[in-house]
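Examining the three-dimensional arrangement
Okay, here's what each chain looks like letter by letter:
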Amino acid sequence: MVFGNWSDPSADPGRPVAYVPASVRRSAKIVVAGGFGVGKTTLIGSVSEVAPLRMEEPITEESTGVDDLRGTPGKTTTTVGMDFGRIHLAGGSLALYLFGLPGQIRFRPLWEDLTEGALGCLVLADTRNLDACHGALTLLEERGTPYAVAINTFPDAPAHPDAELREALALDPATPLTRCDARDRASSLYALITLAEYLTTRPAATHLDPLESLR
């Protein structure tokens, strides 16, 4: 798979595109969900070809005992609105608009708003706390939004066989399960392409280019 930034040939070489190029023929809204501190903001920042929009606030004492910081002790901010980024696939003809959801269950009304009209969702999970993504999975199941799951491989996170992870997350056999490092662009893009390929196989998937064009 080729992962280079797409840029308009008429623009400065290597400069990331900052507008929707004329080559775009199709677009899709993709949401990125998962528990608190699982890496959603990091993933969108690693792949976006435009400066990502981040709606974050400092973590205060009010979150003590509410938000679990054990897995991310250095975390100082949290998403309270959304993250937004954009990437291009299929030679610049397909634009994916990425919307990152806040991780805490108290933001469920916002989850419902942001998943409206989404073609699919990439759910990030952390094996140190798989329960943290169950709220997002429940919402997606209720709304009938197709999704793929990507295990964000934190350095100190335990590794488990796919079969055990699927059982713990109650995944349908057809639901893609992959792994990624949200800090790494190629790894994060692979997770998103896994989701995009899955969406193209669904009967109602008419908004994405054919599978071969994503490679």
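Scope of this entry: the structure provided in the associated data block. Treat the numbers as computed from the prediction; the structure is a model and nothing was measured.

Focus: the packing of aromatic side chains
For any pair of aromatic rings, geometry is given as the distance between the ring centres together with the angle between the planes. Under the counting rule described, the total for this entry stands at two aromatic pairs. Centroid distance phenylalanine 84 to phenylalanine 99: 5.1 Å. Interplanar angle 65°. Geometry classified as edge-to-face. Remark: phenylalanine 99 occurs in strand E4 (residues 94–100) and phenylalanine 84 occurs in strand E3 (residues 77–89); sequence separation between them is 15 residues. Take phenylalanine 84: its relative accessible area is 22%, and that puts it in the partly exposed class. Note on phenylalanine 99: relative accessible area 17%, which makes it buried. These aromatic residues form a ring-pair network of at least three members: Phe84, Tyr97 and Phe99. Cation over ring: arginine 128 sits above phenylalanine 154, and NZ or CZ is 4.3 Å from the ring centre.

Some details on the environment of alanine 28
Secondary-structure assignment places alanine 28 in strand E1 (residues 26–34). Residue class for alanine 28 comes out buried when judged on its relative accessible area of 5%. In this structure, the C-alpha to C-alpha distance between alanine 28 and alanine 118, residues 90 residues apart in sequence, is 7.3 Å.

Some remarks on helix H5 (residues 185–200)
Taking 1.5 Å per residue, 16 residues should reach 22 Å; H5 reaches 22 Å between its end C-alpha atoms and fits that length. Where H5 starts, the residue carrying a side-chain oxygen 3.4 Å from the main-chain nitrogen of alanine 186 turns out to be aspartate 184.

Quick look at the nonpolar core
With 26 residues, the main nonpolar core has Ile30, Leu43, Leu96, Leu98, Leu122, Leu124 and Leu192 as its most contacted residues. Ranked by the residues each element gives to this core, the list is headed by H5, at six residues. Discounting chain neighbours no more than four positions away, the residues touching leucine 124 are Val32, Ala33, Gly34, Gly35, Val38, Gly39, Lys40, Leu43, Cys133, Ala150 and Cys180. Core analysis: the second largest hydrophobic core is formed by 24 residues, Val123, Ala136, Val149 and Leu169 among them.

Looking at helix H3 (residues 134–143)
Because each turn of an α-helix spans 3.6 residues, side chains separated by three or four positions in sequence point in the same direction. Of all the residues in H3, the buried ones are Ala136, Leu137, Leu139 and Leu140. Buried positions in H3, seen along its axis, are confined to an arc of 160° and lie on one side of it. Contact partners of the buried residues in H3: E1, helix H2 (108–115), strand E5 (120–125), strand E6 (147–152) and helix H4 (162–169). Downstream of H3 by a residue or two, glycine 144 has a phi angle that is positive, lying close to 70°.

As for the pairing of strand E7 (residues 177–180)
Alignment of E6 against E7, held across four bridges, turns out to be parallel. By the bridge assignment for E7, alanine 150 is matched with threonine 178. Each parallel crossover has a hand, and for E6 linked through H4 to E7 it is right-handed.

Brief notes about the packing of H2 against H3
It is the contact of H2 with H3, at a shortest axis distance of 11 Å, that shows an interaxial angle of 45°. Between H2 and H3, the angle falls in the class oblique. In the crossing of H2 with H3, the sense of the turn from one axis to the other is right-handed. Contact with H2, carried on its side by Arg108, Trp111, Glu112 and Thr115, involves Gly135, Ala136, Leu139, Leu140, Glu142 and Arg143 of H3 and no other residues of that element. Here the contact of H2 with H3 is composed, by residue class, of four nonpolar, two polar and four charged.

Quick word on the pattern of salt bridges
On inspection of all chains with the given rule, the structure shows six salt bridges. For glutamate 49, the salt bridge goes to arginine 185, with nearest N and O atoms at 3.5 Å. Residue glutamate 49 is located in the loop between helix H1 (40–47) and strand E2 (53–58), and its partner arginine 185 is located in helix H5; the two are separated by 136 residues in the primary sequence. Residue glutamate 49 is classed as buried on the basis of its relative accessible area of 3%. One salt bridge in this structure joins aspartate 126 and arginine 128, with 2.8 Å as the shortest N-O distance. What makes aspartate 126 buried here is its relative accessible area of 10%. Here the residues in one salt-bridge network are Asp126, Arg128 and Asp156, joined through shared partners.

The rules we used
- Residues numbered from 1 in each chain as written.
- Predicted model: local features only at pLDDT ≥ 70, side-chain atom pairs only at ≥ 80, totals over all residues.
- Heavy atoms only, no water.
- Phe/Tyr/Trp six-rings, centres within 6.5 Å; stacked < 30°, edge-to-face > 60°.
- Helix = DSSP H or I, 4+ residues; strand = E, 2+ residues; numbered from the N terminus.
- Buried < 20%, exposed > 50% of the residue type's maximum accessible area, 1.4 Å probe, protein only.
- Lys NZ or Arg CZ within 6 Å of the ring centre and 35° of its normal.
- Expected span 1.5 Å × (residues − 1).
- Polar contact = N/O pair within 3.5 Å; in protein donor to acceptor, adjacent residues only side chain to side chain.
- Core = buried A, V, L, I, M, F, W, Y, C linked by side-chain atoms within 4.5 Å.
- Contact = heavy atoms within 4.5 Å.
- Arc of directions from axis to C-beta.
- Pairing = 2+ DSSP bridges.
- Right-handed = clockwise from strand over helix to strand, strands pointing away.
- Axes fitted to C-alpha atoms, helices over the stretch in contact; angles between N-to-C directions.
- Parallel < 35°, antiparallel > 145°, perpendicular 65-115°, else oblique.
- Left-handed = near helix turned anticlockwise from the far one by under 90°.
- Nonpolar A, V, L, I, M, F, W, Y, C, P; charged D, E, K, R; others polar.
- Salt bridge = Lys/Arg side-chain N within 4 Å of Asp/Glu carboxyl O.

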